Amino acid sequence: AESQAKLIHSLSRNYAVCKACWVSPGGAYWFSYAMSADEAKREAQVFLQTIKGKVVWVSGLYGFGERKTNLHLGKAACSAIVDAFLSVLEQSGYYAGLYCSTYYLDNYLSDSIKSRYTVWCAQYASKCTYQNPYGIWQYNVAGNAEYDIIGQKSIPGIVGECDMDYCYTDYPEIIKAAGLNGFAKSTEPPTDNEDTDDNDTLKQILQHVSSIDKKLQNSTTNQIDKTVKKHANNQCIQSGCTGWKFF
């Protein structure tokens, strides 16, 4: 209970900071140490209590793969554990997915599990060699002595190591359209008046900038037209030139 309270406090703090900085919380991740399907279901209940009341874009990203805990149980048992956890999340109205390394995906999970749930594949290399569909590829760990394969060293604004990923699936749109993760179906999450006012102001600024750009573009186009007409009788095309040359 004490560990769960600390977990909820830590997540709540990070969630609040993200919102304060206008960063949409991307999702919630749980690394499993479950040794059976029943334990995985209990872990899932704790996970749900931890994210209760929070709107997240991608949730239930379930980390799996630790030789010291559950991998020695074999493919069938590992697959049952993953399915048990993610099924509980789906039944509770959340979008659920699996995070795992390429090696563990290939050797410890059944094809039915890998095709049933969205996959976040970890492989620190210049190319992902996982042959089945995946929505996210974790390709680098900035600042890590072993896994910083591109020599990133650090990410501005972040202290310490930082995972780096490519995302190929528009999870927010899928989740919003299905009405999952705390969203009302096919609608945006509610915002307060302050956020609305800020958005309106930003929209007005962008419209004003766009208007200026159009005026500048029209002015430039008119000036070019006048110049071309003025020198129309004195123009020539020279062999090898990339365009018009005026004398």
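These figures come from a predicted structure and were not determined experimentally.

Chemist: Describe the overall build of the chain, with residues and values.
Modeler: From N to C terminus, the chain includes 7 helices and 8 strands. Burial statistics for the chain: of 247 residues in total, 32% are counted as buried. Approximately 15,700 Å² of the chain is accessible, and the part contributed by carbon and sulfur atoms is 53%.

Chemist: Break down the side chain of Asp148 for me, citing the residues and quoting the values.
Modeler: Position of Asp148 relative to the elements: it lies in the loop between β5 (136-142) and β6 (162-167). Within the buried set, Asp148 has no salt-bridge partner at all; the shortest N-O distance to an opposite charge, 7.9 Å, is to Lys153. A polar contact of 2.9 Å, which involves the side chain of Asp148, links it to the backbone nitrogen of Gly143.

Chemist: An account of the pairing of strand β3 (residues 97-101) is needed here, citing residue identities and associated values.
Modeler: Taking burial as the measure, the 5 residues of β3 include 4 buried ones, the bulk of the element. Bridge count between β3 and strand β4 (residues 118-122): 5 bridges; the pairing is parallel. When the bridges of β4 are listed, Cys100 appears paired with Cys121.

Chemist: Go over the packing of helix α2 (residues 37-51) against helix α3 (residues 75-91) with me, naming the residues and quoting the values.
Modeler: At their nearest, the axes of α2 and α3 sit 8 Å apart, and the two run at 35 degrees to each other. Handedness of the crossing formed by α2 with α3: right-handed. Contacts between α2 and α3 involve Ala37, Ala40, Lys41, Glu43, Ala44, Gln45, Phe47 and Leu48 from the former and Ala80, Ile81, Ala84, Phe85, Val88 and Leu89 from the latter. Counted by class, the contact of α2 with α3 contains 11 nonpolar, 1 polar and 2 charged residues.

Chemist: Which residues make up α3, and what values do they have?
Modeler: The first and last C-alpha atoms of α3 sit 24 Å apart over 17 residues, in line with the 24 Å expected at 1.5 Å per residue. Restricting attention to buried positions, one finds in α3 the residues Cys78, Ser79, Ile81, Val82, Ala84, Phe85, Leu86, Val88 and Leu89. Two residues or fewer past α3, Gly93 is found with a positive phi of approximately 90 degrees.

Chemist: Residue-level account of the environment of Met164, with values.
Modeler: Positionally, Met164 belongs in strand β6. Residues Met164 and Tyr139, 25 residues apart in the sequence, show an inter-C-alpha distance of 6.1 Å. Beyond its immediate stretch of four places on either side in the chain, Met164 contacts Trp137, Gln138, Tyr139, Asn140, Ala142, Ile150, Gln152 and Ile155.

Chemist: Before we move on, can you summarise the nonpolar core with the specific residues and values?
Modeler: Most often, soluble globular proteins keep nonpolar side chains buried together rather than apart. Counting 39 residues, the largest nonpolar core has Tyr62, Phe64, Phe85 and Leu98 as its most contacted members. For this core, the elements supplying multiple residues, two or more each, are β1 (27-31), α2, α3, β3, α4 (102-108), β4, β5 and β6. A total of 8 residues in this core trace back to one element, the largest contributor, which is α3. Look past the residues within four positions of Phe64 in its chain and what remains in contact with it is Phe31, Ser32, Asn70, Leu71, Cys78, Ile81, Val82, Leu98, Tyr99, Cys100, Tyr104 and Leu109. Residues Ala122, Ile136, Tyr171 and Phe183 belong to the second largest nonpolar core, which totals 9 residues.

Chemist: Provide a residue-level description of the pattern of salt bridges, including the pertinent values.
Modeler: Side chains bearing opposite charge may pair, as long as their charged atoms lie close to each other. Taken as a whole and assessed by the stated rule, the structure comprises 3 salt bridges. Glu90 serves as the salt-bridge partner of Arg116, at 2.4 Å between the closest nitrogen and oxygen. Here the residue Arg116 occupies a position in helix α5 (residues 111-116), and Glu90 occupies one in helix α3, the gap between them amounting to 26 residues. Overall, Arg116 belongs to the partly exposed group, its relative accessible area being 45%. For Glu90, a relative accessible area of 29% corresponds to the partly exposed category. For Asp111, the salt bridge is made with Lys114, and the minimal N-O distance between the two is 3.5 Å. Here Asp111 pairs with Lys114, and both are found in helix α5, just 3 residues apart, close to one helical turn.

Chemist: For the environment of Thr69, give the residues involved together with the corresponding values.
Modeler: Along the chain, Thr69 falls in the loop between β2 (58-63) and α3. For Thr69, a relative accessible area of 14% puts it in the buried group. Note: C-alpha distance between Thr69 and Met35 (34 residues apart in sequence) is 7.2 Å.

Chemist: Lay out the packing of aromatic side chains with the relevant residues and their values.
Modeler: We describe a pair of aromatic rings using the distance from one ring centre to the other and the angle between the two ring planes. One pass over the full model with this rule turns up 17 aromatic pairs. When the centroid spacing of 4.7 Å and the interplanar angle of 40 degrees are considered together, the rings of Tyr124 and Tyr147 count as tilted. Taken together, the residues Tyr124 in the loop between β4 and β5 and Tyr147 in the loop between β5 and β6 connect sequence positions 23 residues apart. Using a relative accessible area of 25% as the deciding quantity, one classes Tyr124 as partly exposed. Using a relative accessible area of 33% as the deciding quantity, one classes Tyr147 as partly exposed. A network of ring pairs unites the aromatic residues Tyr29, Tyr99 and Trp120 as a single cluster. Geometry around Tyr117 places Arg116 over its ring, the cationic atom sitting 4.6 Å from the centre.

Rules and cut-offs
Residues numbered from 1 in each chain as written. Predicted model: local features only at pLDDT ≥ 70, side-chain atom pairs only at ≥ 80, totals over all residues. Heavy atoms only, no water. Helix = DSSP H or I, 4+ residues; strand = E, 2+ residues; numbered from the N terminus. Buried < 20%, exposed > 50% of the residue type's maximum accessible area, 1.4 Å probe, protein only. Areas by Shrake-Rupley, 256 points an atom, 1.4 Å probe, with all protein chains shown as cover. Lys, Arg positive; Asp, Glu negative; His and termini not counted. Salt bridge = Lys/Arg side-chain N within 4 Å of Asp/Glu carboxyl O. Polar contact = N/O pair within 3.5 Å; in protein donor to acceptor, adjacent residues only side chain to side chain. Pairing = 2+ DSSP bridges. Axes fitted to C-alpha atoms, helices over the stretch in contact; angles between N-to-C directions. Left-handed = near helix turned anticlockwise from the far one by under 90°. Contact = heavy atoms within 4.5 Å. Nonpolar A, V, L, I, M, F, W, Y, C, P; charged D, E, K, R; others polar. Expected span 1.5 Å × (residues − 1). Core = buried A, V, L, I, M, F, W, Y, C linked by side-chain atoms within 4.5 Å. Phe/Tyr/Trp six-rings, centres within 6.5 Å; stacked < 30°, edge-to-face > 60°. Lys NZ or Arg CZ within 6 Å of the ring centre and 35° of its normal.

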